[in-house]
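In case you want the letters, here they are:
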Amino acid sequence: MEITFNFNKQSRVVAIAFFVALGLFSCSKNEEKDAKYYESIKIEGQKTAELTAPPFVPKPVGDRAATKLVVNMEIKEQEGEMVDGVKYTYWTFGGSVPGSFIRTRVGDEVEFHLKNHPDNKMPHNIDLHAVTGPGGGATSSLVAPGHEKVFNFKTLNPGLYVYHCATAPVGMHIANGMYGLILVEPEGGLPPVDKEYYIMQGDFYTKGNYGEQGSQPFDMNKAIKEQPDYVVFNGKVGALTGDKALTAKKGETVRIYVGNGGPNLVSSFHAIGEIFDKVHIEGGDMINKNVQTTLIPAGGAAIVEFKVDVPGTFILVDHSIFRAFNKGALGMLKVEGDDNKLVYSGTTQEGIYLPEGGTIQNMPKVKGSAQSVAVKTVAEHVKAGKELYGRTCLACHQSEGQGIPNAFPPLAKSDFLNANSGRAINAVLHGLSGEVTVNGEKFNNVMTSQNLTDDEVASVLTYVYDSWGNNKTVVTPAMVKTLRGKVALKAKDIHE
Ligand SMILES: [Cu+2]
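Residues numbered from 1 in each chain as written. Predicted model: local features only at pLDDT ≥ 70, side-chain atom pairs only at ≥ 80, totals over all residues. Heavy atoms only, no water.

**Describing the UniProt feature "binding site: Cu cation 1" (unreviewed entry) in the chain**
Move 1: The UniProt entry lists His-124, His-129, His-164, Cys-165, Met-178 and His-319 under the feature "binding site: Cu cation 1" (unreviewed entry), expressed in the numbering used here.
Move 2: The residue His-129 is located in the loop between strand 6 (127-128) and helix 3 (138-141) in this model.
Move 3: Dropping the residues within four chain positions of it, His-129 is found in contact with Tyr-161, Val-162, His-164 and Gly-299.
Move 4: Position of Met-178 among the secondary structure elements: in the loop between helix 4 (170-175) and strand 9 (179-185).
Move 5: Look at Met-178 and you get buried, because its relative accessible area is 0%.
Move 6: Setting aside anything within four residues of it in sequence, one finds Met-178 in contact with Ile-75, Trp-91, Thr-92, Phe-93, His-124, Tyr-163, His-164, Cys-165 and His-173. (UniProt positions renumbered as here; feature names shortened; annotations may be inferred. Helix = DSSP H or I, 4+ residues; strand = E, 2+ residues; numbered from the N terminus. Contact = heavy atoms within 4.5 Å. Buried < 20%, exposed > 50% of the residue type's maximum accessible area, 1.4 Å probe, protein only.)

Written out as C-alpha cells, the structure is:
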C-alpha cells in the first residue's frame, strides 16, 4: 500500500501547525514531571502543618494547591519505658518515637521551625531526606537547648522520606529515637483509603540486656557492634499490641507508612496472614503488587496497602524473626467483622506468640535515689554523684568517663579536670563552649549548662574526681556556691 501526501501550500502550513500542537500536547501529557517542574510551581497562601504522633497521620492533602507550610517541631529529651520496668531516656522530635509525622504535597514551600526545649541537655539538628540541599537541612538547623532555628525548603520529589537528627555522634542521636517520616504527596494526593497508620522500626542499645530493670543508659559499644537489645516498632516493646493495636473493619483498605530509623538494622517488614496488595517500594513511585515481605533499609521507608478481607488479629513483624519474638519488633492489626472460621483467629495467635516475647515480667525493680539535702559525707557525695552521673553526664561522657573521640572529651584521667576544680565546677554550672584541649586532644563542641543544685554539682564532681584514676578532689557545695553567680564561659577564658 502506498500513501501519498499531496498538500497544497496552505494545507501544508495547517498540517504542520496541527502536528506541532499535537506534539506539544502529548509531550506535556506524557512527560514525567520532574523536580525542575515542581520547582516552578507557585505557592498559594500559608498553612500551619498538622503534626501527629504515631501511629496516626495528619489529614490527606487532597487536591489543595502547593502552599507555604509552617512546621513547628519541638525537640524533647524525656524518659520513657522501653518495656515494663525498663526506663530509657529518649531524645524525640515532638515528644514521640518516631517523631511527629509531617504531611506535605509536592511543590510546597516548607518553613521549618526547629525548637530545642530549654530543659534538654543536648544540641540537635534535623536532616530531612525530602530536602534538596546541604545536609538535608542539618547544616542550617543545629540548635542549642532553649533556642530555635528556622530554614525553608521546597519539596521537589513526591514520596515518603525519613528525617533524623544528624548531630555528632549521629549514631547516638538516632539510636535514642531521633527519627520520623515526612510524606510528600503527589499533585492531587494519594488515592483515598479507609485507614492510614504510621509505623517506624528502630534498634536500641542498652547497658543491661533485654528486660534488665531500672534506668538503662545507651551503650555505645553494643551500637558499634550492631548488637541491639531491643528492636521495636514505634519506640518501645508493645507500642502496637493489646489495646494499642491498630484497628480496621473487614472490607476496609489500610495504608501503612512504614519507616526504618535504624540506626543499624534493615527491616523485613511482614504482616502475618496478610499480603500487601500494593507496595510503594522504598517510598518512591514504583508500585509492586502482591508482596509478602518488603525490605526497608535503615534510613528508608515504604508505603504498604492492603484490603482486609477477613476478621482477626494480624501480627506485624520484622521477619528476621528473633527480633519479633525476643526483641520487640511485633505489632498488631485487629480487624473486626463477621467471623470467618477459615482464618487464624486473633485470640489464638495471641496465645501462641505473646508468651515468647514476654519473658521479663518478674525482675526486681531498681530503687530510685533518695534526694536528701542534709549535709553529706564524702562517701555519700560519691554515691549520690554516681547516680547523678548516670542520669546527667553519661550520655555524653560515657560510662567509664572515656568520652567519645571528636565529640565529648574524657573525664577519666582528664588533665583539664585534674588541674583545676574551679573550671570543672564552672563547666557544669554554666556550660562550656569553644576549643578545649584534654589529654592532648582538641575538642570544639558545646556542653550545655546542667541545671543542678549546688549539692548535686558537688556530688557529681566528687564522684568524677573519685573515679577512673582522677585525683580524688572533694568538691563541696560551698565551693560550687561561690562560682554560681558567674556567667557562662568560653573554654579559652578558663583554660589556664
Ligand atoms: Cu539530636
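**Let's talk about the pairing of strand 13 (residues 246-249)**
Move 1: Burial along strand 13 is one-sided: the residues Leu-246 and Ala-248 are buried and none of Thr-247 and Lys-249 is.
Move 2: Pairing of strand 13 with strand 21 (residues 330-336), which is carried by 4 bridges, proceeds in the parallel orientation. Note on strand 21: the bridge partner recorded for Thr-247 is Lys-334. (Pairing = 2+ DSSP bridges.)

**A few points about the environment of Val-162**
Move 1: Structurally, the position occupied by Val-162 is in strand 8 (residues 159-164).
Move 2: Since its relative accessible area comes to 2%, Val-162 is described here as buried.
Move 3: Measuring from C-alpha to C-alpha, the distance between Val-162 and Gly-299 comes to 5.9 Å, with 137 residues separating the pair along the chain.
Move 4: If we skip the residues at most four places from it in the chain, Val-162 touches Asp-127, Leu-128, His-129, Gly-180, Leu-181, Met-200, Asn-260, Gly-299 and Gly-300.

**Things to note about the UniProt feature "binding site: Cu cation 2" (unreviewed entry) in the chain**
Move 1: According to UniProt, the feature "binding site: Cu cation 2" (unreviewed entry) maps to His-173 in the numbering used here.
Move 2: The class for His-173 is buried, based on a relative accessible area of 0%.
Move 3: Discounting chain neighbours no more than four positions away, the residues touching His-173 are Trp-91, Met-122, Pro-123, His-124, Cys-165, Thr-167, Ala-168 and Met-178.

**Some thoughts on the side chain of Asn-470**
Move 1: Counting through the fold element by element, Asn-470 comes out in the loop between helix 12 (454-466) and helix 13 (477-484).
Move 2: Exposure remark for Asn-470: the relative accessible area of 7% places this residue in the buried category.
Move 3: Within the structure, Asn-470 has its side chain in polar contact with the backbone nitrogen of Lys-413 (distance 2.7 Å).
Move 4: One polar contact links the side chain of Asn-470 to the main-chain carbonyl oxygen of Val-464, over a distance of 2.9 Å. (Polar contact = N/O pair within 3.5 Å; in protein donor to acceptor, adjacent residues only side chain to side chain.)

**Section: the coordination of the copper ion**
Move 1: Distances from the copper ion to its protein donors, His-124 (ND1), Cys-165 (SG), His-173 (ND1) and Met-178 (SD), fall at 2.0 to 2.5 Å.
Move 2: If you look at the copper ion, its 4 donor atoms make angles of 87 to 135 degrees with each other, and the shape they trace is irregular.
Move 3: Of note, the donors binding the copper ion are all from one chain and are spaced H-x40-C-x7-H-x4-M. Each of the two residues, Cys-165 as well as His-173, counts as buried. (Donors = N, O, S within 2.8 Å, 3.2 Å for Na, K, Ca; no water. Tetrahedral: all angles 85-135°; square planar, octahedral: opposite > 155°, others 65-115°.)

**Notes on the pairing of strand 18 (residues 293-296)**
Move 1: What you see with strand 18 is a clean split: Thr-294 and Ile-296 sit on the buried side and Thr-293 and Leu-295 on the side with no burial.
Move 2: In this sheet, strand 18 lies alongside strand 15 (residues 267-272) in antiparallel orientation, the contact comprising 4 bridges. The residue bridging Ser-267 from the neighbouring strand is Ile-296, located in strand 18.

**Some remarks on unusual backbone geometry**
Move 1: Cis geometry is adopted by the peptide bond preceding Pro-55, which originates at Pro-54 and carries an omega value of 10 degrees.
Move 2: With respect to the helices and strands, Pro-55 occurs in the loop between strand 1 (46-48) and strand 2 (68-83).
Move 3: Pro-263 follows Gly-262 through a cis peptide bond whose omega is 15 degrees.
Move 4: Here Glu-226, not a glycine, exhibits a phi torsion of approximately 60 degrees, which is positive.
Move 5: Mapped onto the fold, Glu-226 is located in the loop between helix 5 (220-225) and strand 12 (230-233).
Move 6: Its relative accessible area of 43% is what places Glu-226 among the partly exposed residues.
Move 7: In this structure, Lys-413 takes a positive phi of about 45 degrees despite not being glycine.
Move 8: Mapped onto the elements, Lys-413 comes out in the loop between helix 9 (394-397) and helix 10 (415-419).
Move 9: Overall, Lys-413 belongs to the exposed group, its relative accessible area being 59%.

**Remarks on the packing of aromatic side chains**
Move 1: Taken as a whole and assessed by the stated rule, the structure comprises 17 aromatic pairs.
Move 2: One aromatic cluster in this structure is built from Phe-233, Phe-269, Phe-276 and Phe-306.
Move 3: A cation over an aromatic ring shows up here: Arg-423 above the ring of Phe-416, its NZ or CZ 4.0 Å from the ring centre. (Phe/Tyr/Trp six-rings, centres within 6.5 Å; stacked < 30°, edge-to-face > 60°. Lys NZ or Arg CZ within 6 Å of the ring centre and 35° of its normal.)

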